[in-house]
2 protein chains.
Amino acid sequence: MISAEIIAIGSELLLGGRTDTNSVFLSEMLANLGIEVGFKTVVGDNVSHICQALVVASRRVDIVVVSGGLGPTIDDLTRDSVARVTGRPLRRRDRVVKAIKERFDRQRREITTNQLRQAQLPMGADCLTNSVGTAPGFSMKWGKCRLICLPGVSHEARQMFTETVQPLLSREGYVRPPLRMRTIHTFGLLEGHVDEAIADLVPKSGRFRLGLLASPMGVSVSLTEIHPEHEKNKENRLFFDNNKVELEVLVKSISTRLYPHVYGYDHEKMEEVVGNRLRDSGLSISVAESCTGGLIGHRITQVAGSSGYFERGVVCYSNHAKTSLLGVSPAILRRYGAVSAQVARRMAEGVREGSGTALGLSVTGIAGPLGGTAAKPVGLVYVGLSTPNKTFIREFRFHGDRGIVKLRSSQGALDVVRRHVCGLPMGDA
Amino acid sequence: MISAEIIAIGSELLLGGRTDTNSVFLSEMLANLGIEVGFKTVVGDNVSHICQALVVASRRVDIVVVSGGLGPTIDDLTRDSVARVTGRPLRRRDRVVKAIKERFDRQRREITTNQLRQAQLPMGADCLTNSVGTAPGFSMKWGKCRLICLPGVSHEARQMFTETVQPLLSREGYVRPPLRMRTIHTFGLLEGHVDEAIADLVPKSGRFRLGLLASPMGVSVSLTEIHPEHEKNKENRLFFDNNKVELEVLVKSISTRLYPHVYGYDHEKMEEVVGNRLRDSGLSISVAESCTGGLIGHRITQVAGSSGYFERGVVCYSNHAKTSLLGVSPAILRRYGAVSAQVARRMAEGVREGSGTALGLSVTGIAGPLGGTAAKPVGLVYVGLSTPNKTFIREFRFHGDRGIVKLRSSQGALDVVRRHVCGLPMGDA
């Protein structure tokens, strides 16, 4: 088993103002090459700390991937740290100088002397060309490990990994069959229920590690392939092919157990699943939101091409808006209250009639922190879906703060649409 | 200077499906106690990896904070790892057993034997009571370092830190004057411009470290206090009081240089700043969105109490919706196109007239990836703000993918409102 560590460099990552997104795709790209990330270290812009982290990593894994600290400023310390810790002094690379100058010429920008710091690489290191930015990466063999330094800018690191790192690792014999991972996304079940429902399907000592992740979007089940520790299997394609079949069989049996709560797989999001279904079936939709405040419209329109099926959204935060935009009668509002099945129904029907779409979706609820009562607590949410034949209503009771209730409500509403367009049972009314 | 390392435990954190949010508030809480986090390590659910990480951390910092791995399942390995690496076997604590049983009784839940694993703590460790959950934390002196193990569930860890860890660190003499940090948030400037504008204000070798962070929300400037390495200053309150004054003076001079682009400080978000201003001045607002798809309404309604000033939102993704909901004439749409200053104007005026609010905000633009032309490229966005006296129009040209353009557009639109309600110049028309 080939192991890797990711070292993310940047004081801002330690302070927490920003999360390190690069390690997410780096882990994934490495897993595709059969390389498992065992550790991730975050360290500030500090030469002595970076050097310590490099030494520790080089002793415990086969591949060390450093992310960040390659830019032109005085705070970019990866080059200096690697030079110091490996004992290979920095040397200016003329080809890199030329490439940086050409880049600035093309963009008609004035070059500063700082920019040329990026052309200083440790002696003997392989330069990794940056085809979409200025700072090149570099790689070298250091003791028993392979050190790879990538820029912190995400799209540059991603491009560099595909174009130069992957071929390099392959040439050097680090690549193994991919560590397969599948994720099954569900909505509407508790973590404990999912656990009980599928526990017997995945043997504890088997070839796959089972993981459960609960979030406002629902509970996701992940299955990760575990490579045998013994290198003798590394050439044994048959073994991995069998694993692949077994993994897909497992995914299928888990999905069957969790049906109809399974809404997607791997990177799929609810809004994409719903959007694809609407597009394929030629159905248009309009949305009337109260407590979600526009979040459902926002999520639907995150999908490119959503203008093909999303006609309009109405965020009626006031009763006046519910009446004037959707035709909800003041009498109904007075009698049942804005958060009620009756108002959800009228909102869904009203937005569908006004827009002329096939479907009209509505949400009304209490996001909190204020506005809850004993009868109608914070987290009480009604979803309405008006269709040519019938209007469906579902009641939800969500937990969490205002932001979480909004997220869960948007997910619940989109799930009602999914169940309708997929011809699934609606669940508890 | 007291240093700390955070070790976050969980295979899901390595795979990247989920980011580790605990280390964000832990860093902040430690900084408030004058303790600087120098390293952060993420490690999977694997005893040998956890032990390695513990050994490395114990050698390089004064305080090791472990987050996660304290739950009842077989995958919760922090207790076992600490026992193994420190040589202190696990012992069942009767008081913890009692507390767990009482908790289950109160909630009328059946207790499983797994739950009692949480009562096993390393010999001699101090138990850290969990007042909002089941798994207790624990702490011990180990060699030269202080080891603190907290549950992975955020609100439990947060509560435990305040209630038990903070007093413990204080008793043991680890606490120093807080490492102050201030952040100044701007919108509408490039990172390079901010850098140039303020470079001379913050001496490189001074008491504060300057950081710049660019995101779709704008460029933020952070100033972090650096404690003197020499412990002799630790009792010198005067030194730190002077620093405090100096920090506030710096924040003020930086703000003056970046005026009127500064929209907030520290944890403030644009929607909070705008919301507070609207509430305080008694102004109501309605929003007409096209390319942002509901994101502006969503952001405005993230703020508790926004129903006091937010009347409605309209997401008019089709021309039909623009005409029927906002009264934008088909002739104007034909003549200028949906993405134009003229349509932005009519949308803002239309939503304001329909809702009867003091202000009407509109956005129309091309979020991409498709729909751009040479004359109207992806990222071209018009914002309109209709007020009782005048309608303002601003044109933006944003870079980035669909999601980024939507975020920047929502931020640009809210900034237009901010400038209006604060009586600031509108910027380039």
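Residues numbered from 1 in each chain as written. Chains lettered and ligands numbered in written order. Predicted model: local features only at pLDDT ≥ 70, side-chain atom pairs only at ≥ 80, totals over all residues. Heavy atoms only, no water.

**As for the overall build of chain A**
Link 1 in the chain: Within chain A one finds 14 helices and 17 strands.
Link 2 in the chain: Counting only C-alpha atoms, chain A reaches 80 × 55 × 40 Å along its principal axes.
Link 3 in the chain: Across the 429 residues of chain A, 55% fall into the buried class.
Link 4 in the chain: Partitioning the contacts of chain A with sequence separation of at least 6, the portion at a separation of at least 24 is 68%.
Link 5 in the chain: Charge centroids of chain A, computed over 55 positive and 42 negative side chains, lie 2 Å from each other. (Helix = DSSP H or I, 4+ residues; strand = E, 2+ residues; numbered from the N terminus. Buried < 20%, exposed > 50% of the residue type's maximum accessible area, 1.4 Å probe, protein only. Contact = heavy atoms within 4.5 Å. Lys, Arg positive; Asp, Glu negative; His and termini not counted. Charge placed at Lys NZ, Arg CZ, Asp CG, Glu CD.)

**Notes on the packing of helix 9 (residues 270–281) of chain A against helix 14 (residues 402–421) of chain A**
All names here are of chain A.
Link 1 in the chain: Two elements in contact, helix 9 and helix 14, have axes separated by 10 Å at closest approach and are oriented at 30°. For the pair helix 9 and helix 14, the crossing hand works out as left-handed. The segment helix 9 lies against helix 14, with Met270, Glu271, Val273, Val274, Arg277 and Leu278 engaging Gln411, Leu414, Asp415, Val417, Arg418 and Val421.
Link 2 in the chain: Across the contact of helix 9 with helix 14, the residue classes tally to 7 nonpolar, 1 polar and 4 charged. (Axes fitted to C-alpha atoms, helices over the stretch in contact; angles between N-to-C directions. Left-handed = near helix turned anticlockwise from the far one by under 90°. Nonpolar A, V, L, I, M, F, W, Y, C, P; charged D, E, K, R; others polar.)

**Quick word on the pairing of strand 11 (residues 218–225) of chain A**
Residues and elements named next belong to chain A.
Link 1 in the chain: Of all 8 residues making up strand 11, 8 are buried, and the element is well covered by its neighbours.
Link 2 in the chain: Direction of pairing for strand 10 (residues 208–215) relative to strand 11: antiparallel, over a ladder of 8 bridges. Within strand 11, the position partnered with Ala214 by the bridge is Val219.
Link 3 in the chain: In this structure, the hairpin formed by strand 10 and strand 11 is closed by a connection of 2 residues. (Pairing = 2+ DSSP bridges.)

**As for the sheet that holds strand 3 (residues 63–67) of chain B**
As a general point, the strands of a sheet are linked pairwise by backbone hydrogen bonds and lie either parallel or antiparallel.
Link 1 in the chain: Sheet architecture is open: 12 strands sit in the order 6(A)-7(A)-8(A)-3(A)-1(A)-2(A)-2(B)-1(B)-3(B)-8(B)-7(B)-6(B), paired in mixed fashion. Only two strands of the sheet have a single neighbouring strand rather than two, namely strand 6 (126–128) of chain A together with strand 6 (126–128) of chain B. Sheet twist, expressed as the average angle between the axes of neighbouring strands with direction ignored, equals 20°.
Link 2 in the chain: Contacting strand 1 (2–9), strand 2 (35–43), strand 3 (63–67) and strand 8 (145–150) of chain A, helix 2 (residues 22–32) of chain A runs over the sheet at an angle of about 160° to strand 2 of chain A.
Link 3 in the chain: Of the strands in this sheet, strand 2 (35–43), strand 3, strand 6, strand 7 (137–142) and strand 8 (145–150) of chain B touch helix 6 (residues 154–171) of chain B, which is tilted by about 160° from strand 8 of chain B.

**What to know about the relation of the copies chain B and chain A**
Link 1 in the chain: Superposition of chain B onto chain A requires a rotation of 180° combined with a translation of 0.2 Å along the rotation axis, giving an RMSD of 0.2 Å. On this basis, the relationship between the two copies can be described by a two-fold rotation axis. (Least-squares fit on C-alpha atoms with pLDDT ≥ 70 in both.)

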